Amino acid sequence: MKNYLLALCLFLSLSAGAQDTIVRNSHWQVGFNPLSYMLIFPVKEEIRRYAPLLSGNEYGFNIVVMKNFKNTNLVPELRFSVGNVHQVATVTQLHLGSNWFFNQQKDKTGFYAGAFFKYWQYHNRLTKIDFENISPYITVGNKWIVNNYFIDIRLNQSIATYSWSSKENTKAGTSWSLSPWPDFIRILPMAALTIGILVK
């Protein structure tokens, strides 16, 4: 029995060491938001209306790239998504920012907070009119690493939006943007889920 326990302890130690090596030597993390892909498929209008609250307002194809640097808890991140919101509109998004991990370990896991800028284009395929937007937002979340994979759950809180359009006789403008439905709820963050893999 003691031999089995010793063997188990040795195996767990080696596994922990191997995982630590993978994490510390893996500087890139590549993932996606699975909820944004679900919005590609036909769903009830009620679900499509409220689903963006759980998908971080991302639709369709989505990819996320993060970069871990040594000697800092700051992790830059790039997010890209493109998909059809409904039958006549396509939304393309590009997010760029960084998250600061409060955990001092080198694997960049645990609780974090960050700041981002998001650019998105709302393209009406019937009228060929584009609505362009830039919005800063802040994040709070938590990341877990399991073997060679990670799970990231966060809340995104937008702050303001600068918008312009290709429509004639319109001009650019800026306004506070703390909620997708300000008449209903004045401040409303959106959730986002990212899963992915560590890349050496």
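Everything numeric in this text was worked out from a predicted model, so none of it was measured. (Residues numbered from 1 in each chain as written. Predicted model: local features only at pLDDT ≥ 70, side-chain atom pairs only at ≥ 80, totals over all residues. Heavy atoms only, no water.)

**Examining the overall build of the protein**
Here's step 1: Check the secondary structure of the protein and you find four helices and 10 strands.
Here's step 2: Helices and strands appear in the protein in the N-to-C order α-β-α-α-α-β-β-β-β-β-β-β-β-β.
Here's step 3: When the 200 residues of the protein are sorted by exposure, 38% land in the buried category.
Here's step 4: Look at the contacts in the protein between residues 6 or more apart in sequence, and 54% of them connect residues 24 or more apart. (Helix = DSSP H or I, 4+ residues; strand = E, 2+ residues; numbered from the N terminus. Buried < 20%, exposed > 50% of the residue type's maximum accessible area, 1.4 Å probe, protein only. Contact = heavy atoms within 4.5 Å.)

**Describing the confidence of the model for the protein**
Here's step 1: The predicted model of the protein has a mean per-residue pLDDT of 83, with 84% of residues at 70 or higher.
Here's step 2: The least confident element of the protein is helix α1 (residues 2–25), whose mean pLDDT is 41; the most confident is strand β7 (residues 149–158), at 96.
Here's step 3: Below a pLDDT of 50 lies the segment residues 1–26, which in the model reaches 13 contacts outside its immediate sequence neighbourhood of four places, other chains included. (pLDDT = per-residue confidence, 0-100.)

**A closer look at the packing of aromatic side chains**
Here's step 1: Applying the stated criterion across every chain yields a total of eight aromatic pairs.
Here's step 2: Judged by centre distance (4.9 Å) and plane angle (45°), the rings of F101 and Y112 are tilted. Of the two residues, F101 is situated in strand β4 (residues 89–101) and Y112 in strand β5 (residues 110–124); the sequence distance between them amounts to 11 residues. Accessibility assignment for this pair places F101 and Y112 in one class, buried.
Here's step 3: Put simply, the rings of F32, Y37, F61 and F80 touch in pairs and so form one group of aromatic residues.
Here's step 4: Here the basic side chain of K67 rests over the ring of F69, its NZ or CZ set 5.5 Å away from the ring centre. (Phe/Tyr/Trp six-rings, centres within 6.5 Å; stacked < 30°, edge-to-face > 60°. Lys NZ or Arg CZ within 6 Å of the ring centre and 35° of its normal.)

**Section: a nonpolar patch on the surface**
Here's step 1: On the surface, W28, V30, F61, I63, Y149, I197 and V199 cluster together into a nonpolar patch covering about 580 Å² of accessible area.
Here's step 2: Where the nonpolar patch is concerned, the elements lending two or more residues are β1 (28–32), β2 (61–67) and β10 (190–199).
Here's step 3: For V199, the location among the structural elements is in strand β10. (Patch = residues over 30% accessible without salt bridge, like charges linked within 9 Å, V, L, I, M, F, W, Y side chains within 5 Å. Areas by Shrake-Rupley, 256 points an atom, 1.4 Å probe, with all protein chains shown as cover. Salt bridge = Lys/Arg side-chain N within 4 Å of Asp/Glu carboxyl O.)

**Side note on the layout of surface pockets**
Here's step 1: The volume enclosed by the largest pocket comes to roughly 790 Å³.
Here's step 2: In terms of lining, the largest pocket is formed by 34 residues, of which the most central are N57, K118, S179, P180 and M190.
Here's step 3: Where the lining of the largest pocket is concerned, the elements lending two or more residues are α3 (45–50), α4 (52–55), β4, β5, β6 (130–146), β7 and β9 (173–176).
Here's step 4: Looking at the lining of the largest pocket residue by residue, the classes come out as 17 nonpolar, 12 polar and five charged. (1 Å grid on protein atoms, 1.4 Å probe; cavity = no way out; pocket = protein on both sides within 12 Å on 5 of 7 lines; lining within 4 Å. Points joined across faces, edges and corners; volume = space filled by probe spheres on them. Nonpolar A, V, L, I, M, F, W, Y, C, P; charged D, E, K, R; others polar.)

**Notes on the pairing of β10**
When a strand is regular, its side chains alternate between the sheet's two faces.
Here's step 1: As judged from the five bridges shared by β1 and β10, these two strands associate in the antiparallel manner. Each residue of the ladder has a partner; that of V30, found in β10, is I197.
Here's step 2: Judged from the eight bridges that link them, β7 and β10 form a sheet pairing that is antiparallel. Looking across to β10, one finds that N156 is bridged to M190. (Pairing = 2+ DSSP bridges.)

**Overview of the nonpolar core**
Side chains of a nonpolar character, in soluble globular proteins, are inclined to be buried together.
Here's step 1: Membership of the largest hydrophobic core is limited to eight residues, which are V64, M66, V75, F101, Y112, I145, F150 and L198.
Here's step 2: Sequence-distant contacts of M66, that is, excluding residues within four places in its chain, are made with H27, W28, Q29, V75, P76, E77, K143, F150, D152, R154 and T194. (Core = buried A, V, L, I, M, F, W, Y, C linked by side-chain atoms within 4.5 Å.)

**Re the pairing of β5**
Here's step 1: Note: β4 against β5, 13 bridges, orientation antiparallel. Its bridge partner being in β5, F101 is matched across the sheet by Y112.
Here's step 2: Inspection of the sheet shows β5 paired to β6 by 14 bridges, in the antiparallel sense. Among the inter-strand pairings, A113 is bridged to a residue of β6, identified as V140.
Here's step 3: What sits between the antiparallel neighbours β5 and β6 is a turn of five residues, in which K128 has the positive phi angle 65°.

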